[in-house]
Amino acid sequence: MVPEVQALARQSGIPIELALPALLRVDAAVADAAYRVVQEGVTNAGKHGAGAARVAVGVREGTIEIVVSNPLPNRAVGTGGGAGLAGLRERVLLAGGALEAGADGTTWVLRARIPG
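Calculation notes
- Residues numbered from 1 in each chain as written.
- Predicted model: local features only at pLDDT ≥ 70, side-chain atom pairs only at ≥ 80, totals over all residues.
- Heavy atoms only, no water.
- Helix = DSSP H or I, 4+ residues; strand = E, 2+ residues; numbered from the N terminus.
- Buried < 20%, exposed > 50% of the residue type's maximum accessible area, 1.4 Å probe, protein only.
- Contact = heavy atoms within 4.5 Å.
- Areas by Shrake-Rupley, 256 points an atom, 1.4 Å probe, with all protein chains shown as cover.
- Expected span 1.5 Å × (residues − 1).
- Arc of directions from axis to C-beta.
- Pairing = 2+ DSSP bridges.
- Salt bridge = Lys/Arg side-chain N within 4 Å of Asp/Glu carboxyl O.

A. Region of the structure containing the overall build of the protein. Along its length, the protein carries 3 helices and 5 strands. Taken from the N to the C terminus, the helices and strands of the protein come in the order α-β-α-β-β-α-β-β. Classification of the 116 residues of the protein by burial places 35% in the buried group. Here the contacts in the protein between residues at least 6 apart in sequence split such that 60% fall between residues at least 24 apart. Carbon and sulfur atoms make up 50% of the accessible area of the protein, which amounts to about 6300 Å² in all.

Now the structure itself:
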């Protein structure tokens, strides 16, 4: 999963700070859900954010934790109820996880927890 996330960051065209574990082996369905969280978060940061993103992936107590955050632009931001996030939430739920998205001060945060 790590090489794919790094490639996505390079292809995005926006500055991305990555915090990834050196080695992470999980079930294919879990890896796919995790990758899609990062993909959607980076895509949304590029479309709706202020031009940069931070991606952190970690493992805690058998659960993959993913946080994608980006500075909010100087304009109004929706509530995170778009079709992309709705589909992503469903994908994460099907993998047994949970997804949260929303503004936290001046930062948009997408956070997923998926059992590994």
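From this point, the narrative continues.
B. Inspection of helix α3 (residues 83-94) at higher detail. Between the first and last C-alpha of α3 there are 17 Å, a value that for 12 residues agrees with the 16 Å anticipated at 1.5 Å per step. Listed as buried for α3 are Leu-85, Leu-88 and Val-92. Seen from one end, α3 has its buried residues packed into an arc of 60°, which puts them on one side. In α3, the exposed positions angled more than 90 degrees off the buried face are occupied by Ala-83, Glu-90, Leu-93 and Leu-94. Taken together, the buried residues of α3 touch α2 (28-48), β4 (98-104) and β5 (107-115).

C. Structural context of the pairing of strand β2 (residues 53-60). In the sheet, strand β1 (residues 16-19) pairs with β2 via 4 bridges, with the strands oriented parallel. If you follow Ala-19 over to β2, its bridge partner there is Ala-56. In this sheet, strand β3 (residues 63-71) lies alongside β2 in antiparallel orientation, the contact comprising 7 bridges. Within the sheet, the bridge partner assigned to Gly-58 lies in β3 and is Glu-65.

D. Spatial organisation of the side chain of Asn-44. For Asn-44, the position within the fold is in helix α2. Ignoring anything within four residues of it in the chain, the contact list for Asn-44 reads Gly-49 and Leu-85.

E. Local environment of the pattern of salt bridges. Under the counting rule described, the total for this entry stands at 5 salt bridges. For Arg-54, the salt bridge is made with Glu-17, and the minimal N-O distance between the two is 3.1 Å. Placement of Arg-54 in strand β2 and of Glu-17 in strand β1 is noted, with a sequence separation of 37 residues between them. For Glu-17, a relative accessible area of 46% puts it in the partly exposed group. Beyond isolated ion pairs, a larger network of salt bridges with shared partners links Asp-32, Arg-36 and Arg-91.

F. How the structure looks around the side chain of Ser-69. If you trace the backbone, Ser-69 turns up in strand β3. In contact with Ser-69, other than residues within four places in its own chain, are Ala-52, Ala-53, Arg-54, Thr-107, Trp-108 and Val-109.

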